[in-house]
Amino acid sequence: MRLPLIAPQDLTPAQKPLYDDMRKGITSNFNDFIAVRDDGALMGPWNPWLHEPAIGKAIWDLTLAMTANATLPDKVRQIAILVVGARYNAAYEIYAHIAVAEREGMSAERLATLVADVKPVDLDRHESIAYDLAYALSGGGTLPEPLYRLALATFGQHGTNELIYLVGLYALVSTTLNGFNVPVPERD
């Protein structure tokens, strides 16, 4: 890892409010995977965000807004997030969202296929469109018009917007994780 974890007692005055807000959010929303070291230091993408609190706060606020305003089904969201993680080969993102998807009942076969950067054959219509949209966007370039129209017909404008923003957010998260070489925590 390229940035040291910051123990709570070592936080600067600029980092402390962001740490408190992220720690509260992690405790209430991210319990399926390890995100906090025993001494309270934040792991995953939260640590790099703490190192640049003005930028980190903006990213954290976007993360909170995406969570608070989520309308897409959780399985659709997890498909999109895992597609992005696999496309970026972002180890911590894959680790964390496998844990979330397992809690939601996603099969080991489906998870293995998703993280291998392959489309599972057992996706329902909504999941399949989310997969295709996330896969296309995370490959770069303009989203193909037929896929955009299919997403609109399936999810509506708001749901399509949400899906596009979700892919963008997790591309940012994946880039953060990869840029700072954030490791996957050891499992017991």
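My aim in this report is to walk through the structure given alongside it, one point at a time. Computed from a predicted structure; not experimentally measured.

1. Brief notes about helix α1 (residues 16-29)
Here is step 1: Under the 1.5 Å per step criterion, the end-to-end length of α1 is 20 Å for 14 residues, consistent within 8% with the ideal 20 Å.
Here is step 2: Where α1 is buried, its residues meet α2 (46-51) and α3 (53-68).

2. Remarks on the nonpolar core
Here is step 1: In this structure, Met22, Phe33, Trp46, Leu50 and Tyr92 are the most contacted members of the largest nonpolar core, which totals 55 residues.
Here is step 2: Secondary structure elements with two or more residues in this core: α1, α2, α3, α4 (74-88), α5 (91-103), α6 (108-115), α7 (125-138) and α8 (145-179).
Here is step 3: Looking at this core, the element that brings in the most residues is α8, giving eleven residues.

3. Considering the packing of α1 against α3
Here is step 1: Two elements in contact, α1 and α3, have axes whose closest approach is 10 Å; the angle formed by their N-to-C orientations is 25°. It follows from the interaxial angle that α1 and α3 lie roughly parallel. Here the hand of the crossing between α1 and α3 comes out left-handed. Residues Leu18, Asp21, Met22, Gly25 and Ile26 of α1 pack against Pro53, Gly56, Lys57, Trp60 and Leu64 of α3.
Here is step 2: The residue makeup of the contact of α1 with α3, split by class, is six nonpolar, two polar and two charged.

4. Overview of the environment of leucine 137
Here is step 1: Here leucine 137 lies in helix α7.
Here is step 2: The exposure class of leucine 137 is partly exposed, given its relative accessible area of 22%.
Here is step 3: Spatially, the C-alpha atom of leucine 137 lies 35 Å from that of lysine 16, the residues being 121 residues apart in sequence.

5. Concerning the packing of α3 against α8
Here is step 1: Remark: α3 packs on α8, axes separated minimally by 11 Å, with the N-to-C direction vectors making an angle of 145°. In terms of crossing hand, the pair formed by α3 and α8 is left-handed. Facing α3, whose interface residues are Ile59, Leu62, Thr63 and Met66, α8 presents Glu162, Tyr165, Leu166, Leu169 and Leu172.
Here is step 2: For the contact of α3 with α8, a count of residues per class yields seven nonpolar, one polar and one charged.

6. Focus: the side chain of threonine 154
Here is step 1: You can see threonine 154 is positioned in helix α8.
Here is step 2: Taking the relative accessible area as the measure of exposure, threonine 154 reaches 14% and is therefore buried.
Here is step 3: Side chain to side chain, threonine 154 and arginine 125 meet in a polar contact 3.0 Å long.
Here is step 4: Apart from the residues lying within four places of it in its own chain, the contact partners of threonine 154 are Arg125, His126 and Ile129.

7. Looking at the side chain of threonine 160
Here is step 1: Looking at where threonine 160 falls in the secondary structure, it is placed in helix α8.
Here is step 2: Using a relative accessible area of 0% as the deciding quantity, one classes threonine 160 as buried.
Here is step 3: Reaching out from threonine 160, the side chain makes a polar contact with the backbone oxygen of glycine 156 at a distance of 2.8 Å.
Here is step 4: Ignoring any residue separated from it by four or fewer positions in sequence, one finds threonine 160 in contact with Tyr148, Ala151, Leu152 and Phe155.

8. As for the packing of aromatic side chains
Here is step 1: All chains considered together, the criterion is met by seven aromatic pairs.
Here is step 2: Both rings, one in phenylalanine 33 and one in tryptophan 46, keep their centres 6.3 Å apart while their planes meet at 15°; by these two values the pair is stacked. Of this pair, phenylalanine 33 sits in the loop between α1 and α2 while tryptophan 46 sits in helix α2, and the two are 13 residues apart along the sequence.
Here is step 3: The buried category is assigned to phenylalanine 33, whose relative accessible area is 9%.
Here is step 4: Tryptophan 46 gets classed as buried once you look at its relative accessible area, which sits at 4%.

Thresholds applied
- Residues numbered from 1 in each chain as written.
- Predicted model: local features only at pLDDT ≥ 70, side-chain atom pairs only at ≥ 80, totals over all residues.
- Heavy atoms only, no water.
- Helix = DSSP H or I, 4+ residues; strand = E, 2+ residues; numbered from the N terminus.
- Expected span 1.5 Å × (residues − 1).
- Contact = heavy atoms within 4.5 Å.
- Core = buried A, V, L, I, M, F, W, Y, C linked by side-chain atoms within 4.5 Å.
- Buried < 20%, exposed > 50% of the residue type's maximum accessible area, 1.4 Å probe, protein only.
- Axes fitted to C-alpha atoms, helices over the stretch in contact; angles between N-to-C directions.
- Parallel < 35°, antiparallel > 145°, perpendicular 65-115°, else oblique.
- Left-handed = near helix turned anticlockwise from the far one by under 90°.
- Nonpolar A, V, L, I, M, F, W, Y, C, P; charged D, E, K, R; others polar.
- Polar contact = N/O pair within 3.5 Å; in protein donor to acceptor, adjacent residues only side chain to side chain.
- Phe/Tyr/Trp six-rings, centres within 6.5 Å; stacked < 30°, edge-to-face > 60°.

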